[in-house]
Amino acid sequence: MPASNPLRRLVDKANGYPRWLSKRILTWAFCHKVKLAGTAGLEILETDGRTVTMRQRNLKKAQNHIGSVHAAAMALLAESASGFIFGVNLPGDKLPLIKSMQIRYLTRAQGDMQAVASITDEQIQAMQTQERGDLLVNVIVTDSTGAQTIECEMRWAWIPKKANSSTKG
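Residues numbered from 1 in each chain as written. Predicted model: local features only at pLDDT ≥ 70, side-chain atom pairs only at ≥ 80, totals over all residues. Heavy atoms only, no water.

Participant: Pulling in residues and values, what's your account of the pattern of salt bridges?
Facilitator: Per the counting criterion, the structure on display carries nine salt bridges. With a closest N to O distance of 2.7 Å, R50 and D121 form a salt bridge. With R50 in the loop between β1 (42-47) and β2 (51-56) and D121 in helix α5 (residues 121-129), this pair connects stretches of sequence that are 71 residues apart. Linking R104 and E151 is a salt bridge whose minimum nitrogen-to-oxygen distance equals 3.0 Å. Of the two residues, R104 sits in strand β3 (residues 94-105) while E151 sits in strand β6 (residues 148-160), which places them 47 residues apart along the sequence. Within this structure, E43, R55 and R57 form a network of salt bridges that share partners. (Salt bridge = Lys/Arg side-chain N within 4 Å of Asp/Glu carboxyl O. Helix = DSSP H or I, 4+ residues; strand = E, 2+ residues; numbered from the N terminus.)

Participant: Describe the packing of aromatic side chains, and please don't skip the residues or the numbers.
Facilitator: Under the criterion given, the structure shown has three aromatic pairs. Their ring planes at 80 degrees and their centres at 5.8 Å tell us that F30 and F84 sit as a pair that is edge-to-face. On the criterion of sequence distance, the pair formed by F30 in helix α2 (residues 19-33) and F84 in helix α4 (residues 71-89) is long-range, its members being 54 residues apart. Among the residues examined, F30 registers a relative accessible area of 12% and is labelled buried. (Phe/Tyr/Trp six-rings, centres within 6.5 Å; stacked < 30°, edge-to-face > 60°. Buried < 20%, exposed > 50% of the residue type's maximum accessible area, 1.4 Å probe, protein only.)

The analysis is restricted to geometry; functional conclusions fall outside its scope.
Next comes the structure, spelled out in structure tokens:
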């Protein structure tokens, strides 16, 4: 089990509530810290602490000129899902940083978008035992037809938090 951090504690507590309430609590907390996610309207549908499912509805504020989810909103969805599951499993004394993100757009998106990001036991073990490092977080992004509309490679890194620094969101 990963060393505790505030996000892990929130996930564990929220998952004790009914699913409808859990997803509202997690979405509110995430969007409160990640303001752009709130602006775009991202939602956390569910998480078990190893996998997270997030959704970007095809809202007007997140659309492109042809009425589908904007390319930047798709990138935000993939980055948010991968960063959330990475952050849930990172020890509280480490700072998460996106190191790189590569996205290849495959097809035109239709309707709402969904991202499923997951992390392996081996990756969690590395995060728990290494002072610093980086890894690829698996994330699959699909549209309402179930088609994978983008291919993503999200590389996240961790470094020790400075003892005297304050991390404001």
